[in-house]
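For reference, the chains in residue letters:
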Amino acid sequence: MSNEKPNYFDLVYQVVREIPKGRVTSYGTIANYLGLKSGARMVGYAMNAAHTMSDVPAQRVVNRQGLLTGKAHFETPTKMQELLEADGVKVENDRVLDFEKVFWDPEKELDL
DNA sequence: TCCATGACCGCAA
DNA sequence: CTTGCGGCCATGG
């Protein structure tokens, strides 16, 4: 029988893990890359579960505006910003600076 | 088993 | 220009 259980969570983790250091992406971008046009919500939900994973840099995943919407879900509300700055991404007022420059598009950069 | 919510995004009025 | 609503999958009570 086809046990094809497409765990979208796992798919999201895989993409997030491929995010290069110093780069960030958005939920919708990942969702779109996986084929979930409007499944951005589930991507964010997957990040919530990603807390149990250590290989999933959820701090590199922000919303479409570059706002650290999920910073409140980290160990500390400032942990996300700290991690991003540690990666070389500058954050100001819970927002990623030069978001367009650090933006990472899997379809363009990972698509080989 | 059913209902409601969630780290979102896109479109319409 | 701003505001409001629907849609996607999964989890919890």
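- An unreviewed UniProt entry annotates chain A as MGMT family protein originating from Algoriphagus jejuensis.

1. Remarks on the packing of aromatic side chains
Right, so step 1: Enumeration over the complete set of coordinates arrives at three aromatic pairs.
Right, so step 2: Where Phe9 meets Tyr45, the ring centres are 6.4 Å apart and the plane angle is 80°; that geometry is what we call edge-to-face. Taken together, the residues span a long stretch of sequence, with Phe9 in helix α1 (residues 8-17) and Tyr45 in helix α3 (residues 40-49) at a distance of 36 residues.
Right, so step 3: Owing to a relative accessible area of 27%, Phe9 belongs among the partly exposed residues under this scheme.
Right, so step 4: We classify Tyr45 as exposed; its relative accessible area is 57%.
Right, so step 5: On the numbers, 5.5 Å between centres and 75° between planes, the contact of Phe99 with Phe103 is edge-to-face. Judged on exposure class, the residue Phe99 and its partner Phe103 are both buried.
Right, so step 6: Joined through ring pairs, the aromatic side chains of Phe9, Tyr13 and Tyr45 make up one cluster.

2. A few points about the protein's contact with DNA strand C
Right, so step 1: Around DNA strand C, the surrounding shell consists of Tyr8, Phe9, Ser38, Gly39, Arg41 and Tyr45.
Right, so step 2: Of all atoms in DNA strand C that approach within 4 Å of the protein, 50% are sugar or phosphate atoms.
Right, so step 3: In this structure, a base nitrogen belonging to DNA strand C sits 2.9 Å away from a side-chain N or O atom of Arg41.
Right, so step 4: Here Tyr45 contributes a side-chain N or O atom positioned 3.3 Å from a sugar or linking oxygen of DNA strand C.
Right, so step 5: Every element with two or more residues in the surface near DNA strand C is listed here: α1 and α3.
Right, so step 6: Here the residues of the surface near DNA strand C sort into three nonpolar, two polar and one charged.

3. So, the pattern of salt bridges
Right, so step 1: Overall, the coordinates contain four salt bridges when judged by the stated rule.
Right, so step 2: We note a salt bridge from Glu75 to Lys79, for which the minimum N-O separation is 3.4 Å.
Right, so step 3: Relative accessible area serves as the criterion here: at 67%, Glu75 is assigned to the exposed category.
Right, so step 4: Judged by its relative accessible area of 25%, Lys79 is partly exposed.
Right, so step 5: When the shortest N-O distance is used, the salt bridge between Lys101 and Asp98 registers 3.9 Å.
Right, so step 6: For Lys101, a relative accessible area of 63% translates into the label exposed.

4. Focus on the protein's contact with DNA strand B
Right, so step 1: Taken together, the neighbourhood of DNA strand B is formed by 16 residues, with Met47, Asn48, Arg64, Gly70 and His73 sitting nearest.
Right, so step 2: Counting only atoms of DNA strand B within 4 Å of the protein, the fraction found in sugar and phosphate groups is 48%.
Right, so step 3: Contacts to DNA strand B include His51, whose side-chain N or O atom sits 3.4 Å from a base nitrogen.
Right, so step 4: Between DNA strand B and His73, the relevant distance is 3.0 Å, taken from a phosphate oxygen to a side-chain nitrogen or oxygen of the residue.
Right, so step 5: Among the elements of the structure, α2 (27-34) and α3 are those that each provide at least two residues to the surface near DNA strand B.

Cut-offs applied
- Residues numbered from 1 in each chain as written.
- Chains lettered and ligands numbered in written order.
- Predicted model: local features only at pLDDT ≥ 70, side-chain atom pairs only at ≥ 80, totals over all residues.
- Heavy atoms only, no water.
- Phe/Tyr/Trp six-rings, centres within 6.5 Å; stacked < 30°, edge-to-face > 60°.
- Helix = DSSP H or I, 4+ residues; strand = E, 2+ residues; numbered from the N terminus.
- Buried < 20%, exposed > 50% of the residue type's maximum accessible area, 1.4 Å probe, protein only.
- Near = heavy atom within 4 Å.
- Polar contact = N/O pair within 3.5 Å; in protein donor to acceptor, adjacent residues only side chain to side chain.
- Nonpolar A, V, L, I, M, F, W, Y, C, P; charged D, E, K, R; others polar.
- Salt bridge = Lys/Arg side-chain N within 4 Å of Asp/Glu carboxyl O.

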